[in-house]
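An overview of the molecular structure
The residues making up each chain are set out below.
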Amino acid sequence: MRKTRFFGMAAAILALTASMACSQSKQKAAVAESEAVDSVFVKPLRVEGTALLNTDGDTVVLTGASFGWHGNWGRFYTPGSVKAIKEKWGANVTRAAIGAHTSGDVLNSYEADSAYAVNSAIAVIDAAIANDMYVICDWHSHENRKENAKKFFEVISKKYGDDPHIIYEIWNEPLQIQWQEIKDYAAEVIPVIRKNAPNSVVIVGTPSWDQEVDKAAADPLKEKNVTYALHYYAATHKDYLRERARQAIDAGLPLFISECGSMEATGDGPIDYESWNAWVDLADRNKLSMLMWSISDKVETCSMLEPGAPSDGMQWTDDNLKEWARLVKETTQTRNSK
Ligand code: IDC
């Protein structure tokens, strides 16, 4: 009897201690979880009016660097480069530029080697997810390559489902193509993505290399969570394009600067700091996200790296970075610390 009582009490004490320990560890786990949740930057996004919002209702302004055409500069599509853009340059977004077709000196493309194209996109997307960054999956096309775009986005969206890190850019820069053709293209490509990723944000290109945002403002898509691409190269595109952008915003069009440069539209020539500052000011005032072109190592002003820079960005030294890279870093750090 006494034995039973003794064992009964011992069992009760044991159970109590165990349950205290358990509830303490549960509390610890809960704290760790809430800390982990708090420290996560990437949350689902949505477009509301002209604003990009996260699920907390905060306006989100993203700044970072875009990779170059995967066909020529795919060697930089590494976990280390994505990590460096985040940790050393302060970026919260990056962009995989998956070339749809040949273009000038860029010969490899999705058309030539679709597996390499898909794997390049996956390399950057996975690294961005691991680094708590947003990532634009960009179909880097100037021509209407709708059928291949559908195939490409079917594969990517199926793999990632509704993962909130990914923003889909369905047609980098349409040439001087009618807005109606771009709308028709979007009407076919967006459903392919949304079938697998119903809540994803999609960037739709605008005519004339993403400059005729007025055409989109006059006749926007009915789809939810769509934003429109505005691209500029500061030494070529000046007040007239800034004015057009302002008017589009005033008309209620959400804009996303998924690509820009400080030099001429050729990607070369000197940096125009005055025009660049005017563009950054416009982006800041209107809370526009901005990605700068590009992580590549060609002899041209817009290639941020010196020829022969390591493929793993964590190994880049200051000697590997060109003038443009220094400006990109400074712009990124300033904007993302606000
Ligand atoms: C440029 C690259 C260049 C490459 C060329 C091929 O910088 O090395 O030879 O593409 O077409 C864009 C395009 C982007 C261009 C960039 C600079 O989106 O693909 O990259 N640019 O010309 N729009 C305006 C400028």
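The structure contained in this document is the topic of the report that follows. (Residues numbered from 1 in each chain as written. Predicted model: local features only at pLDDT ≥ 70, side-chain atom pairs only at ≥ 80, totals over all residues. Heavy atoms only, no water.)

Some thoughts on unusual backbone geometry
That bond from Trp293 to Ser294 is cis: its omega, -5°, falls within 30 degrees of zero. Topologically, Ser294 is positioned in strand S10 (residues 290-295). Its identity is not glycine, yet Asp210 carries a phi of approximately 70°, on the positive side. Along the chain, Asp210 turns up in helix H7 (residues 207-210). (Helix = DSSP H or I, 4+ residues; strand = E, 2+ residues; numbered from the N terminus.)

Quick word on the site of the ligand
Taken together, 17 residues surround the ligand, and among them Ser103, Asp105, His140, Glu173 and Glu259 come closest. At 2.5 Å, a side-chain N or O of Asp105 approaches an oxygen atom of the ligand. Within the contact set of the ligand, an oxygen atom lies 3.2 Å away from a backbone nitrogen or oxygen of Thr266. Burial of the ligand by the surrounding chains reaches 86%, relative to a free accessible area of 510 Å². Residues that form the shell around the ligand fall into these classes: seven nonpolar, five polar and five charged. (Near = heavy atom within 4 Å. Polar contact = N/O pair within 3.5 Å; in protein donor to acceptor, adjacent residues only side chain to side chain. Areas by Shrake-Rupley, 256 points an atom, 1.4 Å probe, with all protein chains shown as cover. Nonpolar A, V, L, I, M, F, W, Y, C, P; charged D, E, K, R; others polar.)

What about the side chain of Asp297?
With respect to the element layout, Asp297 can be found in the loop between S10 and helix H11 (323-336). By relative accessible area, Asp297 is classed as buried at 13%. At 2.7 Å, the side chain of Asp297 and the side chain of Arg75 are in polar contact. A distance of 3.0 Å separates a polar side-chain atom of Asp297 from the backbone nitrogen of Gly308. (Buried < 20%, exposed > 50% of the residue type's maximum accessible area, 1.4 Å probe, protein only.)

As for the pairing of strand S4 (residues 93-99)
Summarising burial for S4: seven of the seven residues are buried, a large majority. Burial along S4 is two-sided: Val93, Arg95, Ala97 and Gly99 and Thr94, Ala96 and Ile98, pointing in opposite directions, are all buried. Two strands pair when backbone bridges link them, and strand S3 (residues 63-69) and S4 are joined in this way by four bridges, in the parallel orientation. Note that in S4 the partner of Gly64 across the bridge is Val93. Judged from the seven bridges that link them, S4 and strand S5 (residues 134-140) form a sheet pairing that is parallel. Within the sheet, the bridge partner assigned to Ala96 lies in S5 and is Cys137. (Pairing = 2+ DSSP bridges.)

Side note on the packing of helix H4 (residues 114-130) against helix H5 (residues 146-160)
Pairs of packed helices are described in terms of their axes, by the angle between the two and the distance that separates them. Their axes nearest at 11 Å, the elements H4 and H5 cross at an angle of 30°. Seen along the crossing, H4 lies across H5 with a hand that is right-handed. Two secondary-structure elements touch here, H4 through Val118, Ala121, Ile122, Ile125, Asp126 and Ile129 and H5 through Phe152, Val155, Ile156, Lys159 and Tyr160. In the contact of H4 with H5, the residues fall into nine nonpolar, no polar and two charged. (Axes fitted to C-alpha atoms, helices over the stretch in contact; angles between N-to-C directions. Left-handed = near helix turned anticlockwise from the far one by under 90°. Contact = heavy atoms within 4.5 Å.)

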